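Chain by chain, the residues run as shown.
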Amino acid sequence: MSKEIERLSDPGLPDHVHRKADVDPRAAKKAERQVAILFSLSVIGTLLFVGSYLWIPATTFLFLPAMGSTNAQQLFLGLGLTLATLFIGLGAIHWAKTLMPDNEVIAERHEFRSEEKDRQDFVDTVKTQAAAAGLGRRPLIKRTLGIALGLVSASPLLLLRDLGPLPKKSLEQTSWEKGTRLVTDPGNLPIKASDLEVGAVAQVLPELKSNQERTLNNLAKDAVLLIRIRPEEFELSPERLSWTHEGIIAFSKICTHMGCAVALYEQQTKHLLCPCHQSKFDVPRAAKVIFGPAARPLPQLAITVDSDGYLIAQKPFSEPVGPSFWERSS
Ligand code: FES
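Reading guide: rules and limits
Residues numbered from 1 in each chain as written. Predicted model: local features only at pLDDT ≥ 70, side-chain atom pairs only at ≥ 80, totals over all residues. Heavy atoms only, no water. Pairing = 2+ DSSP bridges. Helix = DSSP H or I, 4+ residues; strand = E, 2+ residues; numbered from the N terminus. Axes fitted to C-alpha atoms, helices over the stretch in contact; angles between N-to-C directions. Buried < 20%, exposed > 50% of the residue type's maximum accessible area, 1.4 Å probe, protein only. Contact = heavy atoms within 4.5 Å. Phe/Tyr/Trp six-rings, centres within 6.5 Å; stacked < 30°, edge-to-face > 60°. Lys NZ or Arg CZ within 6 Å of the ring centre and 35° of its normal.

Undergrad: Explain the sheet that holds strand 10 (residues 288-291) to me, using residue names and the numbers behind them.
TA: One key point about sheets: their strands pair by backbone hydrogen bonds, in either a parallel or an antiparallel sense. Read from one edge of the open sheet, four strands run 7-8-9-10, paired in antiparallel fashion. Of all the strands in the sheet, just strand 7 (264-266) and strand 10 have a single pairing partner and so form its edges. When strand polarity is set aside, the average angle formed by the axes of neighbouring strands in this sheet is 35°. Sheet topology places strand 8 (residues 271-273) next to strand 9 (residues 280-282); three bridges connect them, and they run antiparallel. Pairing of L273 across the sheet is with K280, part of strand 9.

Shown next as structure tokens:
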């Protein structure tokens, strides 16, 4: 609750100093005139604004030393609007400072803490009611109530299901399987080793089965980069070398840092570059990270060719593609 008082009437406060206009009617009249003049100047500003719009042709230019050639209409429109709003503001401030009520207000606040007696009353009431409900004498009710309350509070956790599948499943699985053909993206055409020259790079996707369709989710995870270098340039373990075909090596296109598309291939240095935070991967060394924040190489897809000479996957990715996450061991 608050109480308004005239400060003068409160003996505990220093005397209020009245403004001149509060005690002298002539000063008040003068202040009133000053406010009126300020508001009138605002009207002049508005007239300037309207007049500039109506009577100054939009193609008139003035030369001002500080601004050079300037559109006269826009200049006076801006000037008029500035004066109009400025003098309204000045008038309002002068009015408030000289003529508006000059009462000082004390807002009294209660203590936030309840009085000791009220607090004790509350505790007594809770105890009395708990005793009346017989919770102490009826442990069965007490226990079942506890279980019911616990379960009802935990039930919103069910809604977490709506966030989608757990990352482990969705990130560890791509559409690549043993024998899946690599098809161009865009174009959706199977690709042969001879289609790629040394130094070339191509983005490919897994060929869809008749009952499959490409979803955005799969598109993001399945994208693979094919790069062809000279076979003797590889510095790979025998196993990883067996995952390549005639100098063609395939990596997931999803950066292992935060999942951007690794899109740039420097043919001279044989580096793949992620544009997001500049991680660099060395292609001849199984996309080993040589710069930037990525913590692990791009996953390599084992490839070979089928009986028709088309490039196919030897098997699914042997590790999850994309950024590291809490369920990964590496
Ligand atoms: S997402 Fe590739 S470096 Fe950050």
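Undergrad: Could you give me a rundown of the side chain of S42, with the residues and numbers involved?
TA: Mapped onto the fold, S42 is located in helix 2 (residues 25-55). Overall, S42 belongs to the buried group, its relative accessible area being 4%. If we ignore the near neighbours within four places in the chain, the residues touching S42 are L83, A84, F87 and I88.

Undergrad: Talk me through the packing of aromatic side chains; I want residue IDs and the actual numbers.
TA: Counted under the stated rule, the structure contains zero aromatic pairs. Note that K192 overlies the ring of Y310, its terminal NZ or CZ placed 4.9 Å from the centroid.

Fair warning: the whole summary comes from geometry, so function is off the table for now.
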